[in-house]
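A closer look at the structure
Below, each chain spelled out in residue letters.
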Amino acid sequence: HPDLVSAQMSVKSAQADKTITASGLFPQVSTDLNTSRSKSSGSNTVNNYNYGVTGNQLIFDGFQTMNKVNAAAENIKASQESYKFTSSQVRQRLRSAFVNLLTAQEALNIREEIFQRRRQNFELVTLKYEGGVENKGSLLTEQANLRQAQYDITTAKRDIELAQRQLTKELGRRQLTPMTAKGDFTVIDAAREKPDFTALAASNPTLQQLTAQKNAAAFNVKTAKGEFFPSITAQGNAGKSDIAWPPKDSEWSIGAAISFPIFEGGKRFADVSKANSLLTKAEADERSNRDGIIETLTDAWTSLQNALDNVDVQYQFLTATKERARIAEAQYSIGFVSFNDWIIIENNLVSAK
């Protein structure tokens, strides 16, 4: 799935960022080879050759690099949690797409049943109209109901194709593949048990991502404070130079460099202030997200309970409406009820189905 591939690449990018940051803790070695020709007034042309190796090793920088590495490690955790969140979204959309296809298929079956009933009703009204016991308005009404049922079948078939397209996308396939969903709409009994929403929120990948970002912000504060310490670096180089190739004159040097900024226009103080502000923001975002997740979980669970209860209620309405329709159809066929009363009951049956 392209969304998963993208999230996975974000994790690899964060891992690479950590490796790049950590490289500053290791010796930095480089080699160079130079050749040049020079001439000045009154002198002969001179060739210059030199090559050598140069190395630098960070000794101390106020723990800035180490804190940057720790922050990068937290960013890896954040990207991994982001991957988990993306994965959960993809799986949720995949399940929804499957259920939508299952629903569209069932809707087509129901609408075909309704069409058959509307056609039988139309034939009954036609017979009564031809027999002179029903008016033309009733006939036209039932004819419109039959046309509506035909239209509903057409839209149901389009809905199936759309649901197939959605499921194909969530399966990560490039081409639309005709498919059929098999399953039922039964919800497991465990859904009736009220879970611990606080415990569930603690393992939510979005919250885990914000926690990692908060930890990274804390390390960034330490990094900013490290700017107030001097930076110490060991340096060394060795090589050879001469006016002829290969060069024979050896040279080397070793030493250390200490740098400490005296005045930068308040930059370091501003960096610390900014880092502290970002840390406070990350802490507030984490708390807000935790509260929001608990609220969302509670709302989702409540909606599910209401939906489960509503299924039972609607089944009872459907059972009652079917019985009313059966009785009303028999009564209408022998003239005990009027068309207006009968069609209301029929429309209620269609709605209940």
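Residues numbered from 1 in each chain as written. Predicted model: local features only at pLDDT ≥ 70, side-chain atom pairs only at ≥ 80, totals over all residues. Heavy atoms only, no water.

1. Quick look at the packing of aromatic side chains
All chains considered together, the criterion is met by nine aromatic pairs. On the numbers, 6.2 Å between centres and 90° between planes, the contact of F60 with F229 is edge-to-face. Remark: F229 occurs in the loop between α5 (205-226) and β3 (231-242) and F60 occurs in strand β2 (residues 46-60); sequence separation between them is 169 residues. Exposure remark for F229: the relative accessible area of 44% places this residue in the partly exposed category. Among the aromatic residues, those joined into a ring-pair cluster are Y49, Y51 and W245. We note K128 situated over the ring of Y332; from NZ or CZ to the ring centre the distance is 4.8 Å. In this arrangement the basic side chain of R268 is found over the ring face of F260, its NZ or CZ atom lying 5.7 Å from the centre. (Phe/Tyr/Trp six-rings, centres within 6.5 Å; stacked < 30°, edge-to-face > 60°. Helix = DSSP H or I, 4+ residues; strand = E, 2+ residues; numbered from the N terminus. Buried < 20%, exposed > 50% of the residue type's maximum accessible area, 1.4 Å probe, protein only. Lys NZ or Arg CZ within 6 Å of the ring centre and 35° of its normal.)

2. A word on helix α7 (residues 339-352)
Here α7 spans 20 Å end to end across 14 residues, near enough to the 20 Å set by a 1.5 Å rise per residue. Those residues of α7 hidden inside the fold are in contact with α2 (64-130), α3 (136-170) and α6 (267-333). (Expected span 1.5 Å × (residues − 1). Contact = heavy atoms within 4.5 Å.)

3. A look at the nonpolar core
Within the largest apolar cluster, 15 residues are counted, with the highest numbers of intra-cluster contacts made by L101, L108, F115, I160 and L167. At the level of elements, α2 and α3 are the ones that each hand at least two residues to this core. Counting residues per element, this core draws most heavily on α3, at seven residues. Ignoring sequence-local partners within four residues, the contact set of I160 consists of L101, A104, Q105 and L108. One finds V125, L139, I345 and L349 within the second-largest nonpolar core, a separate group that totals 12 residues. (Core = buried A, V, L, I, M, F, W, Y, C linked by side-chain atoms within 4.5 Å.)

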